[in-house]
Amino acid sequence: MFKRKKITVAGPKPKHLSIHRNEAGVPLIKAGSLKDALWGSGYAHVIDRSTQLLMMRILGQGRLCELLADTEDSLKIDHFFRKANWLSSLDDEVAKLDAASLAQCQAYCDGVNAGLAHKKITAMNLLGYQPEPWRIQDSILVSRMASYLTLAQSQAEVERLFIELVQAGICSEKLAALFPIDVSTFDRKLVESIQLGERIVPQELIWNLALPRMMASNNWVISGSKTASGQAIMANDPHLEMNRLPNVWCEQSLSWSENTVKGMGMPGLPGVIIGRSKAFAWGVTYTFMDTIDSWVEECKEGKFKRARKWLTFEKRTEIIKRKKHADETLHFYENHHGVLDGNPLEEGRYLATKWAADTMGATTLMASLSLVKASNAKEAATCLAKMESAWNWVIADEQNNIVYQMSGLMPKRHESWNGFTPMPGWEAKYDWQGMVDASELPCLENPKQGFIVTANQDLNHLGKCSPINMPMGDYRARRIAQLIEQSDQHDVHSSQKIQFDVYSIQADEFLAILLPLLEEKNEQASAYSVLKNWDRKYDLESIAAPLFEDFYSALRMEVFGTSMSGTGKEVMQHLSSQTGVFIDFYQNFDRALLNPDSPWFSQEGSDLPSQSEVFLNAFKVAKRKYKALPWKAVNSVVFTNILFQGKLPEFMGFDTPPVPIMGGRATPHQGQIYKSAGRQTSFGPSIRIVSDLSEKALYTCLAGGPSDNRFSPWYLSELEAWQKGLYKKLD
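About the criteria used
Residues numbered from 1 in each chain as written. Predicted model: local features only at pLDDT ≥ 70, side-chain atom pairs only at ≥ 80, totals over all residues. Heavy atoms only, no water. Helix = DSSP H or I, 4+ residues; strand = E, 2+ residues; numbered from the N terminus. Buried < 20%, exposed > 50% of the residue type's maximum accessible area, 1.4 Å probe, protein only. Phe/Tyr/Trp six-rings, centres within 6.5 Å; stacked < 30°, edge-to-face > 60°. Lys NZ or Arg CZ within 6 Å of the ring centre and 35° of its normal. Pairing = 2+ DSSP bridges. Contact = heavy atoms within 4.5 Å. Axes fitted to C-alpha atoms, helices over the stretch in contact; angles between N-to-C directions. Salt bridge = Lys/Arg side-chain N within 4 Å of Asp/Glu carboxyl O.

Asks: Could you give an account of the environment of Thr382, naming the residues involved and the relevant values?
Replies: Turning to its location among the elements, Thr382 is positioned in helix H12 (residues 377-384). Owing to a relative accessible area of 47%, Thr382 belongs among the partly exposed residues under this scheme. Linking Thr382 and Thr317, residues 65 residues apart in sequence, is a C-alpha distance of 40 Å.

Asks: Could you give an account of the packing of aromatic side chains, with specific residues and numbers?
Replies: For the coordinates displayed, the defined rule picks out 33 aromatic pairs. Relative to Tyr552, the ring of Phe548 has its centre 6.2 Å away and its plane inclined at 15 degrees; by these criteria the two rings are stacked. Taken as a pair, Phe548 and Tyr552 lie in helix H17 (residues 544-561) at a separation of 4 residues, close to a single helical turn. Each member of the pair, Phe548 together with Tyr552, is buried. Between Phe560 and Trp600 the ring centres are 4.9 Å apart and the planes differ by 75 degrees, which places this aromatic pair in the edge-to-face class. Of this pair, Phe560 sits in helix H17 while Trp600 sits in the loop between helix H20 (586-594) and helix H21 (611-625), and the two are 40 residues apart along the sequence. Of note, Lys300 hangs over the ring of Trp310, and the distance from its end group to the ring centre comes to 4.7 Å.

Asks: How would you sum up the sheet that holds strand S18 (residues 391-397)? Please name residues and give values.
Replies: Spatial strand order, S1-S2-S3-S7-S8-S9-S10-S18-S19-S21: 10 strands in an open sheet with mixed pairing. Of all strands in the sheet, those bounded by a partner on one side alone are strand S1 (5-6) and strand S21 (443-445). One ladder, built from 6 bridges, connects S18 with strand S19 (residues 402-407); its direction is antiparallel. In the strand pairing of S19, Trp393 is matched with Gln405. Strands strand S10 (280-286), S18, S19 and S21 of the sheet are contacted by H12, whose axis makes an angle of about 160 degrees with S18.

Asks: Mind laying out the pattern of salt bridges, listing which residues take part and the relevant values?
Replies: The final tally for this structure, using the stated rule, is 35 salt bridges. For Glu298, the salt bridge identified is with Arg349, shortest N-O distance 2.8 Å. You can see Glu298 sitting in strand S11 (residues 292-300) and its partner Arg349 sitting in strand S17 (residues 348-355), a full 51 residues away along the chain. With a shortest N-O distance of 3.1 Å, Lys354 and Asp358 are connected by a salt bridge. Three or more residues joined by partner-sharing salt bridges are found here, namely Arg82, Arg316, Glu318 and Glu334.

What follows is the structure, given as structure tokens:
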């Protein structure tokens, strides 16, 4: 019988607080009130994840050069965060908190600071960093970072990519096949007139440190009409950069007199983000809501054009302190459209860009903390709808209700503008007119089909507005729906099995075009037989999955690379080899590849090759490379410590040997591995959770372990179970 290990709290603590670890190392926090439980949560976050917590704050403050590593890469990262200016309005947001939320947030901060006082020796201390006290403002900063980076940011990046492709000369018809534009109304000359600033910090560089890529995820809820227990089931497996140590998620169980909440939180934020309470279970995926817009500003002499007037930009000065070099002084120019990407003293047209949630804070914290008071799924959805950042929430309760609710601040735009392309800043009609009311966002309650699935697909049809213009592909959502539809006896095990499903609808659709072409050619190569007999599954032993991936990669370059020239070709080659754009938005490119009438293929009067010719050429490339290697031989990744970034020898144990990963880009169990800024990174299930509302437990498995301390028994304690699909039961 395992005896729970007590975590000793040094110094004063709330009267009825106790913290123990279960056999998996998960902190079990018991207290007399929610406020005291949050104190214990903050303390446990520091004991287990102090490096992660403090790194997030240093990055968000733009103080990497000052406090840790004064390098040129660090300077670029500091520049990025100073430009974002997420330190603004933090005090104002704290002042908006109601009395109960303020007390609860302060209790969390007090617990963090008690933990920092107790934990004298950390990896950060050894690098010379002595932490300042944690404040509520820091939690709001972390909330802003987690909501923007690689999530809302992906929209800004793809909109920037679109501008680059326009300026590279790609015709509007081809671009319309990839992006949400109307050729008849698209103002190409306006976009061509923009002077793009240098990419001060490529997005790939930012998550080389403590920040994970947070993007693709699955969640679903199944009503009791389709379960063995007769009660609803909730399942969630957030897909992000899984090969990081520690995992971005931190698992805890918080119990007090009125409730018990267990699940996954994030160091620096009070409470549980996804998990299970006494009354309901809830999960989250990203929405791909367009919350970022850009405007073209006509600039000269430090001013911008507004109708017939010239107005002066606000000038913000930031000083980056550096440990080894002279301090760096930066100047940013801002107006009501956001931060300018350029110098308005030099005449020209530049972009000003704004994120709808750039001053988020109090409302989100209060919504999160009030969630524990909800008694059913509908009440929980009402709380979650108030979140200022964009998420897809699914909730299942003990009354057998299943609910979907989108959250996020969606700008009210001019009726002719979907937000994807930049509009002239001098025309007031394109200014935001406030935010769309949460009641108009997509939502769904107890559908007749008996289940709800979200996997980053287009969900606009469920609302009164259309917040999404660049969703991810719907392959995963379609496959999960297929599997749920196959049974009326779902249980925890069947949901776990779905989370491990590696069947690719994407591969099936591409092979439906390729294989008949090869049959017509009487293809006899072994590579053809391998694809023909493939079950379309990316399991570790599959020798067809690597072959299909080579074909798919060659196909993209045949169509989007070799058909371009100059800058366009360079952009596409860079995207394919060094960024996550094809990872995030691959179905936009797939639509063009799968459509024989796409402008990217030969049409009347065009000298482009046909779809058939391109598919056959891509197969020839893949056939030449074919080596009959299993998927596990080509799809493995090293789990790397976020602080030392693979710079230490393997024998020191901060990083793992290569770990084979099942799945592909379009399978429910995602297993994408690629290079980003020269570094190996990934998309995959960072955690998996399942809850059958007929019992109080939560079934979970985490890629890594509870602790960020290399010398803790909990550093890699769950990695093997995560690989094998062995879930623990959190009672």
